[in-house]
Amino acid sequence: MKVKENILDFFVITFGTMIVTIAVFFFLVPSKVSVGSIAGLAVVLSNFVPLSVSALTMLMNVVLLIFGFFFIGKEFGAKTVYTALLMPALMGVLEIVFPNNQSLTNDQTLDVICYCVLVSVGMAMLFVRNASSGGLDIVAKFMNKYLRMDLGKAVSVAGMAVALSSVLVYDKKTVVLSVLGTYFNGIVLDHCIFGSTIKKRVCVISKKEKEILDFILYELHSGATKYQAYGTYSDAEYTEINTIVDKTEYLKLINFITKTDPDAFVTVYAVNEMMYKPKVVK
């Protein structure tokens with residue numbers, strides 16, 4: 001199982017890195033917008049330093065990779081080393097294959113939108129596998145780990161300084177697009193990450209308590225917690241069932257409750273993160 005998981009990690013991380021690289025090369029670089037990332041900073045610095053975007057990205061990644069190893073963890077650091085080396089290599093190949101790279105949309109605003117959507121998908125794939133594309137993603141991961149900040153918000157905060165650096169080179173429109181693009185990138189990234197992993201906390205008060213619990217335990221193969229609750233109007237005693245389910249389980253559960261007890265009182269909450277120790281099956 002460990003070998004299969006490592007192989008899956010390798011393919012997902014490689015594919016995610018390819019998506020990020022394509023987003024940077026075909027949309028970020030031609031737009032000349034410095035959306036908060038090391039690649040964005042490299043675009044700005046390339047106007048002052050006689051090095052390509054890929055070379056500047058590599059140099060800055062080395063410094064941040066050392067930081068990642070010490071403060072985030074060896075597994076994260078090792079995976080990020082791979083992506084940080086792969087991304088500039090892929091960028092270099094694209095620079096050779098497409099030496100006169102031009103905007104695909106011929107519109108700076110559309111380039112920024114396409115970049116934010118595409119790069120967020122790639123970054124989400126990496127973060128879910130405990131990796132990153134290097135650069136400011138390492139800073140964002142540090143903020144996520146030690147400040148408990150959502151990754152999307154951390155990416156936005158870490159990238160704002162880079163986005164504002166575009167004022168040194170570009171016009172006001174480009175600066176505004178850089179800042180807005182950085183903020184939008186964080187929102188889309190959170191959606192990509194939590195959209196696939198978000199769970200639902202379902203709280204149920206029903207006269208069909210046993211049937212609902214049996215369905216949760218034996219049909220969904222999930223767990224539940226029971227609480228004693230009291231109605232303030234009637235002072236009647238009720239049992240509230242609490243369970244956390246994924247999207248597929250949620251639909252099955254709601255359909256079952258609707259058929260079994262149409263009068264059941266149900267509340268639903270979004271759960272972005274859980275910390276628990278899985279039960280050991282004997």
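Residues numbered from 1 in each chain as written. Predicted model: local features only at pLDDT ≥ 70, side-chain atom pairs only at ≥ 80, totals over all residues. Heavy atoms only, no water.

## Details of the overall build of the protein chain
Alright, step 1. What the protein chain contains, in helices and strands, is 10 helices and four strands.
Alright, step 2. Each helix and strand of the protein chain, placed in order from N terminus to C terminus, yields the pattern α-α-α-α-α-α-α-α-β-α-β-β-α-β.
Alright, step 3. Counting every position in the protein chain, which comprises 282 residues, the buried fraction comes to 44%.
Alright, step 4. Of the roughly 15900 Å² of accessible surface on the protein chain, 65% is carried by carbon and sulfur atoms. (Helix = DSSP H or I, 4+ residues; strand = E, 2+ residues; numbered from the N terminus. Buried < 20%, exposed > 50% of the residue type's maximum accessible area, 1.4 Å probe, protein only. Areas by Shrake-Rupley, 256 points an atom, 1.4 Å probe, with all protein chains shown as cover.)

## So, the side chain of Thr239
Alright, step 1. Within the element layout of this structure, Thr239 appears in strand β3 (residues 237-245).
Alright, step 2. Within polar-contact distance, the side chain of Thr239 engages the side chain of Gln228 at 3.3 Å.
Alright, step 3. Residues within four places of Thr239 in sequence aside, it is in contact with Val204, Ile205, Ser206, Glu209, Lys226, Tyr227 and Gln228. (Polar contact = N/O pair within 3.5 Å; in protein donor to acceptor, adjacent residues only side chain to side chain. Contact = heavy atoms within 4.5 Å.)

## Here we look at the pairing of strand β2 (residues 225-230)
Alright, step 1. Where β2 and β3 come together, six bridges link them in antiparallel fashion. Residue pairing for β3: Ala229 is matched across the bridge by Tyr238.
Alright, step 2. Turn length for the β2-β3 hairpin, with the two strands adjacent in sequence and antiparallel, is six residues, and the turn residue Asp235 shows positive phi of about 60°. (Pairing = 2+ DSSP bridges.)

## Looking at the confidence of the model for the protein chain
Alright, step 1. Across the protein chain, pLDDT averages 81, with 89% of residues at or above 70.
Alright, step 2. Mean pLDDT per element in the protein chain: helix α2 (residues 38-45) is the minimum at 74, and helix α9 (residues 209-219) is the maximum at 92. (pLDDT = per-residue confidence, 0-100.)

## Some thoughts on the pattern of salt bridges
Alright, step 1. Applying the stated criterion across every chain yields a total of two salt bridges.
Alright, step 2. As a salt-bridge pair, Lys226 and Glu209 come within 3.5 Å of each other at their nearest N and O atoms. Of the two residues, Lys226 sits in strand β2 while Glu209 sits in helix α9, which places them 17 residues apart along the sequence.
Alright, step 3. Residue Lys210 pairs with Asp214 through a salt bridge whose shortest N-O separation is 2.8 Å. Of this pair, Lys210 and Asp214 both sit in helix α9, separated by four residues, roughly a single helical turn.
Alright, step 4. On the basis of relative accessible area, Lys210 is assigned to the exposed category, the value being 58%. (Salt bridge = Lys/Arg side-chain N within 4 Å of Asp/Glu carboxyl O.)

## Observations concerning helix α10 (residues 247-260)
Alright, step 1. Taking 1.5 Å of rise per residue, 14 residues should cover 20 Å, and α10 covers 20 Å from first to last C-alpha, within 8% of that figure.
Alright, step 2. One side-chain oxygen of the residue at the start of α10 lies 2.8 Å from the amide nitrogen of Glu249, identifying that residue as Asp246. (Expected span 1.5 Å × (residues − 1).)

## Brief notes about the environment of Pro88
Alright, step 1. Locating Pro88 in the fold gives a position in helix α4 (residues 74-97).
Alright, step 2. Separated by 31 residues in the primary sequence, Pro88 and Thr57 place their C-alpha atoms 6.7 Å from one another.
Alright, step 3. Pro88 has contacts with Ser54, Thr57, Met58 and Thr83, leaving out every residue within four places of it along the chain.

## Things to note about a nonpolar patch on the surface
Alright, step 1. Taken together, the side chains of Val62, Ile66, Phe69, Phe70, Phe71, Tyr146 and Leu147 define a hydrophobic patch exposed on the protein surface, amounting to about 740 Å² of accessible area.
Alright, step 2. Contributions of two or more residues to the nonpolar patch are made by α3 (53-71) and α6 (136-147).
Alright, step 3. At five residues, α3 tops the list of elements feeding residues into the nonpolar patch.
Alright, step 4. With respect to the secondary-structure elements, Leu147 resides in helix α6. (Patch = residues over 30% accessible without salt bridge, like charges linked within 9 Å, V, L, I, M, F, W, Y side chains within 5 Å.)

## Observations regarding the state of the cysteines
Alright, step 1. Using the criterion set out here, one finds zero disulfides in the structure.
Alright, step 2. The thiol sulfur of Cys114 is not disulfide-bonded, and the nearest other cysteine sulfur, from Cys116, lies at 9.5 Å.
Alright, step 3. The class for Cys114 is partly exposed, based on a relative accessible area of 30%. (Disulfide = S-S within 2.5 Å.)

## Here we look at the packing of α3 against α6
Alright, step 1. Between α3 and α6, the shortest axis-to-axis distance is 9 Å and the interhelical angle comes to 20°. The angle between α3 and α6 falls in the class roughly parallel. The handedness of the crossing between α3 and α6 is left-handed. Between α3, through Leu64, Leu65, Phe67, Gly68 and Phe71, and α6, the contact on the second element is made entirely by Leu136, Ile138, Val139, Phe142, Lys145 and Tyr146.
Alright, step 2. Residues belonging to the contact of α3 with α6 are distributed by class as follows: nine nonpolar, one polar and one charged. (Axes fitted to C-alpha atoms, helices over the stretch in contact; angles between N-to-C directions. Parallel < 35°, antiparallel > 145°, perpendicular 65-115°, else oblique. Left-handed = near helix turned anticlockwise from the far one by under 90°. Nonpolar A, V, L, I, M, F, W, Y, C, P; charged D, E, K, R; others polar.)

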